[in-house]
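Residue strings, one per chain:
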Amino acid sequence: MKLLVVGSGGREHAVCQQFLKSSKVEKVYCAPGNGGISQIAKNVDIAVSDFDRLVAFVKSNKIDFTFVGPEVPLSLGIVDYFQKQGLKIFGPSKDAARLESSKIYSKEFMQKYDIPTAQYNSFSNVNDALKFLENCKEDKRIVIKADGLAAGKGVYICNGRKDAQDVVNQMMNDKVLGDAGTNIIVEEYINGPELSYLVFTDGVSYSMMPASRDHKRVDDNDQGPNTGGMGAYAPSPLATVEINNKVEDIVCKVVNGIKSEKLDYKGILYVGIIMNGFLPYVLEFNCRFGDPETQAVLPLLDTDLTDICVSVLDQKLSSIKINWKKEFSVCVALVSGGYPRSFKKGFEIKGLENIDDKDAMVFHAGTNIENGKFVTAGGRVLGITSTSKDMKNAIDKVYLNVRKVYFENMHYRHDIGKSCFE
Ligand code: GLY
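Numbering of residues starts from 1 in every chain and runs along the sequence as written. Per-residue local features of the predicted model are confined to residues with pLDDT of at least 70, and side-chain atom pairs are confined, for both listing and counting, to 80 or more; whole-chain, interface and lining totals are unaffected and use all residues. Remark: hydrogens and water are excluded; side-chain values derive from all non-hydrogen atoms of the structure.

Peer 1: Can you help me understand the nonpolar core in this one?
Peer 2: Side chains that are nonpolar tend, in soluble globular proteins, to be buried together. Each nonpolar core is a collection of buried residues, namely Ala, Val, Leu, Ile, Met, Phe, Trp, Tyr and Cys, held together in the definition by side-chain atoms within 4.5 Å. Residue exposure (1.4 Å probe, protein chains only): buried if accessible area is under 20% of the type maximum, exposed if over 50%, otherwise partly exposed. In terms of nonpolar packing, the biggest core is built from 50 residues, with L4, L54, I78, F109, Y197, I273 and F285 touching the most fellow members. The dominant element in this core, judged by the number of residues it contributes, is helix 9 (residues 241–260), at 7 residues. For L54, the residues in contact, after removing those within four places along its chain, are L4, V6, A31, I46, A47, V48, I78 and F82. Counting residues in each nonpolar core, the second largest holds 35 residues, with F19, M209, A234 and L300 among its members. Each helix corresponds to a stretch of at least 4 residues labelled H or I by DSSP, and each strand to a stretch of at least 2 residues labelled E; elements are numbered beginning at the N terminus. Every residue pair with non-hydrogen atoms within 4.5 Å of one another is taken to be in contact.

Peer 1: Whenever I open this one, the pattern of salt bridges confuses me. Can you help?
Peer 2: Pairing is possible between side chains that carry opposite charge, provided their charged atoms lie close to one another. Within this document, salt bridges are pairs made up of a side-chain nitrogen of Lys or Arg and a carboxyl oxygen of Asp or Glu, the two lying within 4 Å of each other. On inspection of all chains with the given rule, the structure shows 24 salt bridges. In this structure, R53 engages D50 in a salt bridge whose closest nitrogen and oxygen atoms are separated by 3.8 Å. Taking the relative accessible area as the measure of exposure, R53 reaches 44% and is therefore partly exposed. D50 sits in the partly exposed class, given a relative accessible area of 26%. Where K397 meets D359, a salt bridge forms, and the shortest distance between an N and an O atom there is 3.0 Å. Separated by 38 residues along the polypeptide, K397 in helix 12 (residues 391–402) and D359 in the loop between strand 18 (328–336) and strand 19 (360–364) bring together distant segments of the chain. For K397, a relative accessible area of 16% puts it in the buried group. Ionic contacts of the salt-bridge type, sharing partners, join the residues K24, D304 and D307 into one network.

Peer 1: When you look at the site of the ligand in this model, what are you seeing that I'm missing?
Peer 2: Any residue with a heavy atom lying within 4 Å of a molecule or strand is counted as near it. The ligand sits among D214, Y270, N286, R288, G290, D291 and E293. Pairs of N or O atoms are called polar contacts if they sit within 3.5 Å, as long as, within protein, a hydrogen donor faces a hydrogen acceptor (for residues adjacent in sequence, only side-chain-to-side-chain pairs). Between the ligand and the protein, one listed contact pairs an oxygen atom with a side-chain N or O atom of N286 at 3.4 Å. In the model, a nitrogen atom of the ligand is placed 2.8 Å from a nitrogen or oxygen of the E293 side chain. Computed with the Shrake-Rupley method and a 1.4 Å probe, the accessible areas treat only the protein chains shown as cover for residues. About the coverage of the ligand: the protein hides 86% of its 200 Å² of free accessible area.

Remember, this is a structural readout, not a statement about activity or role.
Here is the structure:
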């Protein structure tokens with residue numbers, strides 16, 4: 001098979017690597033890819049939203065199927081576009097991707113299908129939103145969410161009414177998030193640990209992956225601003241059989257909802273969970289693999305990813321048995337100092353050749369190759385993953401490898417996986 005992966009981050013590097021483990025795969029292309037991906041697959045210089053050129057590439061190279069990594073092309077309808085041309089593509093349709101691309105739609109979906117989630121009100125008029133907040137307690141925490149896609153910057157946890165009103169003004173009047181903040185949600189704040197559940201679904205049946213845990217804040221002990229993710233581990237010990245069963249009830253309701261709404265969903269469903277006491281509540285849906293959860297979860301997969309994708313595309317997911325290694329996996333993100341705010345790029349990455357551990361994987365997120373050397377090219381630069389039969393050992397091993405790598409202004413969290421032992 002010849003496959004095309006659309007995207008350019010650590011998640012896509014992990015997906016390319018997993019596909020290349022298959023004896024059925026002859027070649028993997030990645031559009032646009034990155035420096036690290038170019039070492040295992042062939043980068044194709046086409047942007048993720050340039051559907052015409054992607055289709056032309058797929059046709060001329062006789063690609064068997066395309067796998068879409070990020071949410072933006074899904075929300076723009078890449079799946080519908082490819083399908084109209086008779087091409088196979090893994091991911092939800094534009095309508096189905098609204099579960100991620102419109103927070104208001106996803107909340108309405110949850111209400112309709114009796115899926116537990118925080119209470120909310122949605123607003124399309126700034127004065128209505130500000131008036132609503134007048135009636136909220138002055139010092140109560142309140143969550144404000146932009147309705148549209150905002151590259152991880154659309155959720156604010158506000159410290160009371162005044163803070164919430166400022167955020168509403170910034171989103172709806174000042175348009176700090178562009179069109180993404182035209183409509184908003186004001187949501188009840190829930191304080192609890194979070195879990196990420198990635199699910200394969202063909203729109204009729206589903207198969208859950210081991211629960212993982214993301215680390216969104218930039219600094220240790222969950223301090224500093226939110227990022228795209230500073231590391232992840234899987235499986236999470238918080239995900240007991242009891243909690244997994246409760247989340248499975250939720251996944252079942254989502255898939256039944258997808259069926260009832262006649263949505264074309266053949267891809268990955270990401271169910272972001274927050275524990276409200278003993279009950280899992282849905283924080284958000286994403287319509288694709290999470291990043292960096294994927295870099296922790298996929299190394300545990302013990303079934304050919306190509307077979308899984310084909311069974312999803314043929315709507316025969318229920319006919320395949322998906323196995324997972326009985327191991328733990330920890331991924332630590334190495335980022336440019338200053339990220340998620342401003343940062344410098346172009347620094348040489350040194351020491352990668354010293355990572356010789358067979359259970360270690362280096363996933364490139366933002367790298368280029370210049371004069372034959374890897375250089376930094378983004379906020380998140382690398383994700384290093386280690387696996388082991390023991391979580392403590394996986395953590396020790398990953399940090400041993402992290403310390404072998406260096407680039408100027410490099411920053412990482414030192415506590416990925418620590419919450420397993422709390
Ligand atoms: N890790 C969260 C996300 O992929 O959106």
